[in-house]
Amino acid sequence: MNEPASPIGNELDLRALRYFVAAAEELHFTRAAARLFVAQQALSREIARLERRLGTPLFTRTTRRVTLTPTGERLLERARELLALHDRTWHELRPAARTVVVDLLSEGRRTGLRVLEAVRLAHPELDFRGGYGGGMARSIGRLVVGELDVAFGRVEGLGRALPASLEARGVRNEPLALLLPDGHALAGREAIPLRELAGLEVDVNLDDPASPEWSDLARQVLALADARSAPPHPAAVGAEEASHHLRRQGLPILTGLDHADVPGGVLRPIVDPVPLCPWSIVWRRAAEPDPGVLAVIDAASRLAAEHGWLEQPPDAWLPEPERRDAGSISSAGGPP
C-alpha cells in the first residue's frame, strides 16, 4: 500500500493546535481565548486557518452553542498527543535553562501577572518566578545587581534616569480607577468623572520609598482633580488585608482599572478625562540576552498588540513627562 503524501509546505502549526485544543475543551471561544491570554479574534483566526489547511470544519457553531464535528473530535485526540510529544521533546533536548525572576510590581495590579501567565503558557519548557517588589525604584537596584531579570512598572518619576545598563519598552497605558467600599456614595456610579473628586480625601499612599514613580503620578492626578491625599500607611498585602483596609478606612483608593477583585469593594473607572498609568517592561542589556528574558519581552509585546494596551482614548490624560514626550512624538509625525 502506498504511503500518503507528506504535506510539505502545509504542515500543521503548533500554535494553531494549542488554540484548537483550548477551544475544543472549553467549547466556548471567548473562554478559550481568556484561558490562553489572547484576543478572541486571534484565536478564531488561527482556528479558521487550521480548518482551511485541513479542508474541513472542526466546529459546528450556532447562536447557542459550539460543538466539535466528527473530524474535530478525532483531531482533538491527535492534537493532544502531538503537543505532549512536542513539549516532552523540547524538555529532553534543550539544555537546562535557569529560572527567570520577574517582578510584577504589586499584588492586585494584573498587567505583569498577565504577561507572566502568557509566557508560561507559550514556553512550558522555561522556568519563571514572579514576585512583588512594590515599586520600580526598588526593582531597578535589584535588576542592576542581577537579583532580578525583568520588572514591570512606570519608569518615569523616579527622580533619576534609568541606568545605562538597563533597557525599557512601553507595554501599557492602563486607565486609572477608584477602588471603593460597597457603601461609598460613589460606588453606585458606572464611572467617576474626575471633577467629582474635588475636595475628597483619596488613598494614594504617597511617599513609599519603594515607589516614588507612583507617588509622582498620584500627586499629578490629585492636583488635576483638586483632591487631597489620605495619610500614608503600611501596604495592605493580599486580598483579605486589602479588603479589611478598604472597609475600615472607608476611602476611595486610587489604582489601575485592571485590578484584582477585593471582597467588599467595587472598581469604578475615572473619566472626563481618563487618567492613564504608563507601564514599561525593564531588563538588563546583554550581548546575548537570556532566552527566558526574550520570551517575557515577546509575550508583553504580543499582549500589548492583541489587546491594544498602548492605545489611548480620545480624552486620555498622561502624567508628565510622558505627556510631553507623547506630544513631541506626535508633532514630529511619529516615532522614527
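1. Focus: the overall build of the chain
And step 1. When you go through the chain residue by residue, the secondary structure sums to ten helices and 13 strands.
And step 2. Projected onto the principal axes, the alpha-carbon positions of the chain cover approximately 85 × 50 × 45 Å.
And step 3. Residues classed as buried in the chain amount to 43% of the 336 residues present.
And step 4. At a minimum sequence separation of 6, the contacts of the chain that also span at least 24 residues come to 75%.
And step 5. Accessible surface for the chain amounts to roughly 17,600 Å². Of this, 53% is attributable to carbon and sulfur atoms.
And step 6. If the 40 positive side-chain charges of the chain are averaged to one point and the 46 negative ones to another, these points end up 3 Å apart.

2. Brief notes about the pattern of salt bridges
And step 1. Enumeration according to the criterion identifies 18 salt bridges in this entry.
And step 2. A salt bridge links Arg114 to Asp258, with the shortest nitrogen-to-oxygen separation between them at 2.7 Å. Note that Arg114 is positioned in helix 5 (residues 111-122) and Asp258 in the loop between strand 10 (253-256) and strand 11 (265-271), a separation of 144 residues in sequence.
And step 3. What you see here is one network of salt bridges that share partners, running through Arg110, Arg114, Arg172 and Asp258.

3. Regarding the side chain of Arg172
And step 1. In this structure, Arg172 sits in strand 6 (residues 166-181).
And step 2. Looking at Arg172, the relative accessible area reads 11%, which means it is buried.
And step 3. A polar atom in the side chain of Arg172 sits 2.9 Å from the side chain of Thr111.
And step 4. Here Asp258 takes part through its side chain, which lies 2.8 Å from a polar atom of the side chain of Arg172.
And step 5. With residues near it in sequence (within four places) discarded, Arg172 still touches Thr111, Asp258, Cys277, Pro278, Trp279, Trp309 and Leu310.

4. Quick notes on the nonpolar core
And step 1. Counting 48 residues, the largest nonpolar core has Phe152, Leu254, Ile281 and Val296 as its most contacted members.
And step 2. Considering each element in turn, this core owes the most residues, eight residues, to helix 9 (residues 291-307).
And step 3. With residues up to four places along the chain from it excluded, the contact list for Val296 reads Val102, Val115, Val119, Phe128, Val150, Phe152 and Ile281.
And step 4. Core analysis: the second largest hydrophobic core is formed by 22 residues, Ala24, Phe29, Phe59 and Leu83 among them.

5. Some words on the packing of helix 5 against helix 9
And step 1. Taken N-terminus to C-terminus, the directions of helix 5 and helix 9 make an angle of 115 degrees; their axes are 9 Å apart at the nearest point. Comparing the axis directions of helix 5 and helix 9 gives the class roughly perpendicular. As for the relative orientation of helix 5 and helix 9, their crossing is right-handed in sense. Side by side, helix 5 and helix 9 meet where Arg114, Val115, Ala118, Val119 and Ala122 of the first sit next to Ala295, Val296, Ala299, Ala300, Arg302 and Leu303 of the second.
And step 2. Taken together, the residues of the contact of helix 5 with helix 9 sort by class into nine nonpolar, no polar and two charged.

6. Digging into the environment of Arg284
And step 1. Structurally, Arg284 can be placed in strand 12 (residues 274-284).
And step 2. Distance from Arg284 to Arg228, taken between C-alpha atoms, is 37 Å for residues 56 residues apart in sequence.
And step 3. In contact with Arg284, not counting residues within four places along its chain, are Arg98, Leu143, Val144, Gly146, Leu148, Asp149, Ser165 and Leu166.
And step 4. A polar contact is formed between the side chain of Arg284 and the backbone oxygen of Leu143, at a distance of 2.9 Å.
And step 5. In terms of polar contacts, Arg284 uses its side chain to reach the side chain of Asp149, at 3.1 Å.

7. Side note on the environment of Gln40
And step 1. As for its placement among the helices and strands, Gln40 is situated in helix 3 (residues 40-54).
And step 2. The exposure class of Gln40 is partly exposed, given its relative accessible area of 32%.
And step 3. Through-space distance from the C-alpha of Gln40 to that of Pro275 is 27 Å; in sequence the pair is 235 residues apart.
And step 4. The residues contacting Gln40, other than those within four sequence positions of it, are Phe29, Thr30 and Ala33.
And step 5. Among the polar contacts made by the side chain of Gln40, one reaches the side chain of Thr30 at a distance of 2.7 Å.

Basis of the calculations
- Residues numbered from 1 in each chain as written.
- Predicted model: local features only at pLDDT ≥ 70, side-chain atom pairs only at ≥ 80, totals over all residues.
- Heavy atoms only, no water.
- Helix = DSSP H or I, 4+ residues; strand = E, 2+ residues; numbered from the N terminus.
- Buried < 20%, exposed > 50% of the residue type's maximum accessible area, 1.4 Å probe, protein only.
- Contact = heavy atoms within 4.5 Å.
- Areas by Shrake-Rupley, 256 points an atom, 1.4 Å probe, with all protein chains shown as cover.
- Lys, Arg positive; Asp, Glu negative; His and termini not counted.
- Charge placed at Lys NZ, Arg CZ, Asp CG, Glu CD.
- Salt bridge = Lys/Arg side-chain N within 4 Å of Asp/Glu carboxyl O.
- Polar contact = N/O pair within 3.5 Å; in protein donor to acceptor, adjacent residues only side chain to side chain.
- Core = buried A, V, L, I, M, F, W, Y, C linked by side-chain atoms within 4.5 Å.
- Axes fitted to C-alpha atoms, helices over the stretch in contact; angles between N-to-C directions.
- Parallel < 35°, antiparallel > 145°, perpendicular 65-115°, else oblique.
- Left-handed = near helix turned anticlockwise from the far one by under 90°.
- Nonpolar A, V, L, I, M, F, W, Y, C, P; charged D, E, K, R; others polar.

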